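# A closer look at the structure
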Amino acid sequence: MSLRKELYETMVREREHETVEADRARRWAAVVTLLVCLLWCALGGAVLAWGLMTYDEKAGRTALQAGPEIAAAGTILTLLYSYRKSEKRGDR
């Protein structure tokens, strides 16, 4: 009887350890996704700022239009990529 109880306790400890590792991986993926999204927003903001500061009217208008588009597109693509990876990892 004690053999079954020891086996059960071992299985419980293993599952708890696996749960902790899975939570750690999910949190790390969320932090990396957040940082990449912030990087895309900073890049879009830099392009937008350059468009505001340039003296070339045509390049400035192009940069003013491209800055927010870069930020939005990069963020959306990053979130889609993160979602796909989380599905493969089994988080969803």
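For the structure, check the block above.
Just so it is clear, the model here is predicted, and its values are computed rather than measured. (Residues numbered from 1 in each chain as written. Predicted model: local features only at pLDDT ≥ 70, side-chain atom pairs only at ≥ 80, totals over all residues. Heavy atoms only, no water.)

### Here we look at the pattern of salt bridges
On inspection of all chains with the given rule, the structure shows five salt bridges. One salt bridge connects Glu14 with Arg15, and the closest N-O pair in it is separated by 3.9 Å. Here the salt bridges do not stand alone but share partners, grouping Glu14, Arg15 and Glu18 into one network. (Salt bridge = Lys/Arg side-chain N within 4 Å of Asp/Glu carboxyl O.)

### Observations regarding helix 1 (residues 2-53)
Spanning 52 residues, helix 1 covers 76 Å between terminal C-alpha atoms, matching the ideal 76 Å at 1.5 Å per step. Among the residues making up helix 1, those that are buried are Ala29, Thr33, Cys37, Gly44 and Gly51. (Helix = DSSP H or I, 4+ residues; strand = E, 2+ residues; numbered from the N terminus. Expected span 1.5 Å × (residues − 1). Buried < 20%, exposed > 50% of the residue type's maximum accessible area, 1.4 Å probe, protein only.)

### As for the packing of helix 1 against helix 2 (residues 57-89)
Orientation of helix 1 relative to helix 2, taken along the N-to-C sense of each, is 170°, at an axis distance of 6 Å. As far as their axial angle goes, helix 2 and helix 1 are roughly antiparallel. For the contact of helix 1 with helix 2, the class distribution of residues is 17 nonpolar, nine polar and one charged. (Axes fitted to C-alpha atoms, helices over the stretch in contact; angles between N-to-C directions. Parallel < 35°, antiparallel > 145°, perpendicular 65-115°, else oblique. Nonpolar A, V, L, I, M, F, W, Y, C, P; charged D, E, K, R; others polar.)

### Details of helix 2
Its 33 residues give helix 2 an end-to-end C-alpha distance of 48 Å, which sits within 8% of 48 Å, the value for a rise of 1.5 Å per residue. The largest bend along helix 2 reaches roughly 25° and is located at Ala66, with the proline Pro68 sitting one to four residues downstream. For helix 2, the complete set of buried residues consists of Gly60, Ala63, Gly67, Ala71, Gly74, Thr75, Thr78 and Ser86. (Bend = angle between axes of the 7 residues up to and from the residue.)

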